[in-house]
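Each chain, letter by letter, is given below.
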Amino acid sequence: MKTEQNEFKNTIFPKGDPASADYFTGNAWVKLLVPDDRVLNTVVGNVVFEPGARNNWHTHPGGQILIVTHGVGYYQEEGKPIQLLNIGDVVSILPEIKHWHGASPDSEFTHIAISTNTQKGIVDWLERVTDEQYNSFK
């Protein structure tokens, strides 16, 4: 049986700090790799989700890029079906697109999140993703 410590010991980046329960359902952790850089206008973070964990609906004024590094996850834009994400997948999210992302029910999930054009703002958090929305993957 794997322990939490063993589960993440072979990852590239540290697990990070617990993500805010105000913006995440379930347990997730965030490690900022590049804090808000006012020269490059970028924030880069490593985000780890336990199975079933996800963030709230949100937008990024300057856009975002997700790079999947571990596990199986979900990504959904408002009005579109959930997309399954696997290791190596890259998602480019245009500015102001309402979306959410997180782990699938049976897998941990880790991605690098790159917030771009941060001079326009980093993130605008919205409502929680309901269980019905989360469980709509087909």
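First, a word on scope: everything that follows refers to the structure included in this document. Note that the coordinates shown come from a computational prediction; the quantities given were computed from them, not determined experimentally.

**Brief notes about the sheet that holds strand β7 (residues 64-71)**
With antiparallel pairing, six strands are arranged side by side in an open sheet as β1-β3-β4-β12-β7-β10. Among the strands making up the open sheet, the edge pair consists of β1 (17-18) and β10 (90-93). Pairing of β1 with strand β3 (residues 28-37) involves two bridges; the strand directions are antiparallel. Directly across from P18, in β3, lies its bridge partner W29.

**Here we look at the packing of aromatic side chains**
Counted by the stated rule, this structure contains eight aromatic pairs. Centre to centre, the rings of Y23 and W125 are 4.8 Å apart; their planes meet at 15°, and the pair counts as stacked. Placement of Y23 in the loop between β1 and β2 (24-25) and of W125 in strand β13 (residues 124-125) is noted, with a sequence separation of 102 residues between them. Owing to a relative accessible area of 33%, Y23 belongs among the partly exposed residues under this scheme. Owing to a relative accessible area of 28%, W125 belongs among the partly exposed residues under this scheme. Aromatic side chains W100 and Y134 sit 5.9 Å apart centroid to centroid with 45° between the ring planes, which places their arrangement in the tilted category.

**Section: the pattern of salt bridges**
Side chains that carry opposite charge are capable of pairing whenever their charged atoms lie near each other. What the rule picks out here adds up to five salt bridges. Taking the shortest distance from any N to any O, the salt bridge between R54 and D131 comes out at 2.7 Å. Highlighted residues: R54 in strand β5 (residues 54-55) and D131 in helix α2 (residues 131-134), separated in sequence by 77 residues. According to the relative accessible area criterion, R54 is buried, its value standing at 4%. For the salt bridge of K80 with E77, the shortest nitrogen-to-oxygen distance reads 3.1 Å. Under the relative-accessibility criterion, K80 is labelled partly exposed at 47%. When its relative accessible area of 15% is taken as the criterion, E77 is described as buried.

**Remarks on the environment of E77**
Examined against the element boundaries, E77 turns out to sit in strand β8 (residues 73-77). In sequence terms E77 and H99 are 22 residues apart; their C-alpha atoms lie 4.2 Å from each other. With residues up to four places along the chain from it excluded, the contact list for E77 reads W57, I97, K98 and H99. A polar atom in the side chain of E77 sits 2.8 Å from the side chain of Y75.

Conventions used here
- Residues numbered from 1 in each chain as written.
- Predicted model: local features only at pLDDT ≥ 70, side-chain atom pairs only at ≥ 80, totals over all residues.
- Heavy atoms only, no water.
- Pairing = 2+ DSSP bridges.
- Helix = DSSP H or I, 4+ residues; strand = E, 2+ residues; numbered from the N terminus.
- Phe/Tyr/Trp six-rings, centres within 6.5 Å; stacked < 30°, edge-to-face > 60°.
- Buried < 20%, exposed > 50% of the residue type's maximum accessible area, 1.4 Å probe, protein only.
- Salt bridge = Lys/Arg side-chain N within 4 Å of Asp/Glu carboxyl O.
- Contact = heavy atoms within 4.5 Å.
- Polar contact = N/O pair within 3.5 Å; in protein donor to acceptor, adjacent residues only side chain to side chain.

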